[in-house]
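# Coordinate analysis (summary)
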Amino acid sequence: TEFGKGAARRARRAGLVPAVLYGHGTEPVHVSLPGHDMTLALRVANALLTISIDGGKDQLALPKQVQRNPVKDTIEHVDLVIVRRGEKVHVEVPLVVVGEEKVDGLVIMDQQTITLEVEATHIPAEIEISIEGLEVGAVITAADLKLPEGAVFPGEPDDLILSIAATPAAEAAESEAEAEGAAEEA
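Reference entry: report on the structure contained in this document. This is a predicted model, so every value here is computed, not measured.

## Description of the pattern of salt bridges
- Applying the stated criterion across every chain yields a total of one salt bridge.
- Where E76 meets R12, a salt bridge forms, and the shortest distance between an N and an O atom there is 3.4 Å. Of this pair, E76 sits in strand β5 (residues 75-83) while R12 sits in helix α1 (residues 5-13), and the two are 64 residues apart along the sequence.
- Assessed through its relative accessible area of 30%, R12 is described here as partly exposed.

What follows is the structure in structure tokens.
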């Protein structure tokens, strides 16, 4: 029933996290959520939360912005957006590299996350990129990603995600081999 700087400080001292819940044309609702539970829930990217206010109807919410204390790394405030089952939302999903490339190369990630349009109740935790057997010079674009069913990439299919480059030691060995080959021909 109260909000503002003083109320937020009192809530934090009591182990609660001040939050605001808004979306779908409703008035913003200021709430205080259990601090430990919020810390555990927000360990996962794009955590879908079920919020029940004073025994009312449960509402699904996604964290839109999380403010943390820069020294203690505790959660100071959370903005939550109301979502509905079946609703499509845009979320950032982390990319994870699995496997090993064929030759000694350097994996260059152009993007650490990817924006996807997915159903609010089916948000993937991560998208795996397999680099098993890739050679130096290989590239993986957005079109090459294996997205979960129902997920749509709203960007261009030729957006670069990852590439395999030669390591500096491999480049030096290759240029030495070329110089020796040129010397033999001469």
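There is more to say after this.
## Regarding α1
- Turning to α1, its buried residues number three or more, namely A7, A8 and A11. Here the buried residues of α1 occupy an arc of 100 degrees about the axis, which is enough to place them on one side. Turned more than 90 degrees off the buried face of α1, the exposed positions are K5 and R13.
- Looking at the buried positions of α1, the neighbouring elements they touch are β1 (16-23) and β2 (26-34).
- G15 occupies a position one or two residues after α1 and carries a positive phi of about 85 degrees.

## Some words on the sheet that holds strand β9 (residues 127-130)
- Spatial ordering of the open sheet is given by β8-β6-β9, a layout of three strands whose pairing is mixed. Edge positions in the sheet fall to β8 (113-119) and β9, since each of these pairs with one other strand and no more. This sheet shows a mean twist of 40 degrees between the axes of neighbouring strands, independent of strand direction.
- Sheet topology places strand β6 (residues 88-98) next to β9; four bridges connect them, and they run parallel. The residue of β9 that forms the bridge with V96 is E128.

## Observations regarding the side chain of D79
- With respect to the element layout, D79 can be found in strand β5.
- Excluding residues that lie within four positions of it along the chain, D79 makes contacts with V20, Y22, L62, P63, K64 and Q65.

## Observations concerning the nonpolar core
- Counting residues in hydrophobic clusters, the biggest one holds 24 residues, and the most contacted among them are V89, I114, L116, I129 and I161.
- Ranked by residues supplied to this core, first place goes to β6 with four residues.
- Not counting residues up to four positions away in its chain, the partners in contact with L116 are V89, H90, V91, V93, P124, I127, L147, A151, V152, F153 and P154.

## Thoughts on unusual backbone geometry
- For H24, which is not glycine, the phi torsion reads 55 degrees and is therefore positive.
- Counting through the fold element by element, H24 comes out in the loop between β1 and β2.
- Under the relative-accessibility criterion, H24 is labelled partly exposed at 34%.

## Topic: the side chain of T141
- When you line up the elements, T141 lands in strand β10 (residues 139-141).
- Here T141 falls in the buried class, since its relative accessible area comes to 17%.
- Not counting residues within four places of it along the chain, the set of residues in contact with T141 comprises P157, D158, D159 and I161.

## So, the sheet that holds strand β7 (residues 105-109)
- If you trace the three strands from one edge of the open sheet to the other, you get β7-β11-β10, paired in antiparallel fashion. Each edge of the open sheet carries a strand with a single partner, namely β7 and β10. Between one strand axis and the next, the sheet turns through 10 degrees on average, direction left out of account.
- In this structure, β10 lies alongside strand β11 (residues 160-166), joined through three bridges in antiparallel fashion. When the bridges of β11 are listed, I140 appears paired with L162.

The rules behind each value
Residues numbered from 1 in each chain as written. Predicted model: local features only at pLDDT ≥ 70, side-chain atom pairs only at ≥ 80, totals over all residues. Heavy atoms only, no water. Salt bridge = Lys/Arg side-chain N within 4 Å of Asp/Glu carboxyl O. Helix = DSSP H or I, 4+ residues; strand = E, 2+ residues; numbered from the N terminus. Buried < 20%, exposed > 50% of the residue type's maximum accessible area, 1.4 Å probe, protein only. Arc of directions from axis to C-beta. Contact = heavy atoms within 4.5 Å. Pairing = 2+ DSSP bridges. Axes fitted to C-alpha atoms, helices over the stretch in contact; angles between N-to-C directions. Core = buried A, V, L, I, M, F, W, Y, C linked by side-chain atoms within 4.5 Å.

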